[in-house]
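# Analysis of the macromolecular model
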Amino acid sequence: LAARSPSRPFPFLQRSQQLKRSAWLAPAPHRLNSSLPVNIGVLFVPQQEAWVVERMGKFHRILEPGLNFLIPLLDRIRYVQSLKEIVINVPEQSAVTLDNVTLQIDGVLYLRVMDPYKASYGVEDPEYAVTQLAQTTMRSELGKLSLDRVFRERESLNANIVDAINQASDFWGIRCLRYEIKDIHVPPRVKESMQMQVEAERRKRAMVLESEGTRESAINVAEGQKQAQILASEAEKAEQINKAAGEANAVLVKARAKAEAIQLLAAALAQQHGSAAASLSVAEQYVSAFSKLAKDSNTLLLPANTGDVTNMVAQALGIYTTLTKPQAVKTQEEMPPAHEEPQSPATPVLKAEQASSS
């Protein structure tokens, strides 16, 4: 041994040193029990820890936090359990889904020791047992779901794993508080197909939204045209009603004005010398109308004696007398009989003028 160089030890020593170095560099697992204290008779137990004491190799009691007294050499602290919440990293594992897709899944497990006695004597390595149980439960639960449901039902998947772990770890004095899936790794080809599916789904949504927008736009345009036509028809109806009402009012006003004019004219004719005034007015209007014949039309119908103004006036007076004669006869029939007056010399002249005009 002394002849060998200190820089090159024996092979088995070199192997042991490498194992020690790899164990020192690797992350140390979280153990439920820490280093065991030495029994010196007077012990101070920290808070949130439970020390399991054996007397002569048999379970004796569990020390509470605070000051405790033990018998040296007879009592031995066999297990130290931490009552805090413990976090365990579940290693990455492969699982096959219902549609035969292989996934790589890792998670995080949260535990707490509820019964230090069961945790000490119920299972040899509680951390290892719970980790293996979480992995097997994860595989069995993933085998019941398809790939699409795995991403949608992660919460229900975590809850099912927690329930399965609690049913088995109840005899170990350990309770699983929650389990969280940390990451899910999908094969590259499946990932590409999923990406294509997502793109197709987004294009489908875009086309559906565009078609719905076009439909809503067409409906809005049709509704607008309908409302515009309704309003236009109502406006036209109101306009026609107003126009008809205006025309009716105008006709009534004209009729009333004409009636009042006729009443005034009748009252004027009933006065003394009213007939003479009417004859004069008719003659003037006849002459005025005859003077406008050449202005209104190119075709003229002229009497034979155009230059005889006296004959024209006599014709106009004859027309007026003919129109007023039936009313005068009716008035005389209604009036009581009176003494006859001598016929005026103008009567034969009027009759001769009427005959000549006819």
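You'll find the protein entered in an unreviewed UniProt entry as Stomatin-like protein 2, mitochondrial, with Anhinga anhinga given as the organism. What UniProt states about the protein under its Sequence similarities (unreviewed entry) heading is, verbatim, "Belongs to the band 7/mec-2 family." If you open the UniProt record of the protein and go to Subcellular location (unreviewed entry), you find "Mitochondrion inner membrane".

### Points about the sheet that holds strand E5 (residues 75-82)
Taken in spatial order, the 3 strands make up an open sheet running E3-E2-E5, and their pairing is antiparallel. The strands lining the two open edges of the sheet, one partner per strand, are strand E3 (58-63) and E5. Looking at each pair of strands side by side, their axes are set apart by 25 degrees on average, direction ignored. With 7 bridges connecting them, strand E2 (residues 49-55) and E5 associate as antiparallel partners.

### Let's talk about the nonpolar core
Core analysis: the biggest nonpolar cluster contains 30 residues, and Leu109, Met138, Ile165 and Tyr179 have the highest contact counts within it. Counting residues per element, the ones that place at least two in this core are strand E6 (85-96), strand E7 (102-113), helix H3 (126-142), helix H4 (147-152), helix H5 (154-169) and strand E8 (174-185). Per element, the largest residue contribution to this core is 6 residues, and it comes from H3. Residues contacting leucine 109, with those up to four places away along its chain left out, are Ile86, Val87, Ile88, Val90, Val130, Ala134, Ile165, Cys176, Arg178 and Tyr179.

### Some thoughts on the sheet that holds E8
Within the open sheet, the 3 strands sit side by side as E6-E7-E8. Their pairing is antiparallel. Only two strands of the sheet have a single partner each, and these edge strands are E6 and E8. Within this sheet the neighbouring strands show an average axis-to-axis angle of 25 degrees, counted without direction. Bridge count for E6 against E7 is 10 bridges, and the pairing is antiparallel. Residue pairing in the sheet places valine 96 in a bridge with threonine 102 of E7. Along the sheet face, H5 touches E7 and E8 and points at about 140 degrees away from the line of E8.

Parameters and conventions
- Residues numbered from 1 in each chain as written.
- Predicted model: local features only at pLDDT ≥ 70, side-chain atom pairs only at ≥ 80, totals over all residues.
- Heavy atoms only, no water.
- UniProt positions renumbered as here; feature names shortened; annotations may be inferred.
- Pairing = 2+ DSSP bridges.
- Helix = DSSP H or I, 4+ residues; strand = E, 2+ residues; numbered from the N terminus.
- Axes fitted to C-alpha atoms, helices over the stretch in contact; angles between N-to-C directions.
- Core = buried A, V, L, I, M, F, W, Y, C linked by side-chain atoms within 4.5 Å.
- Buried < 20%, exposed > 50% of the residue type's maximum accessible area, 1.4 Å probe, protein only.
- Contact = heavy atoms within 4.5 Å.

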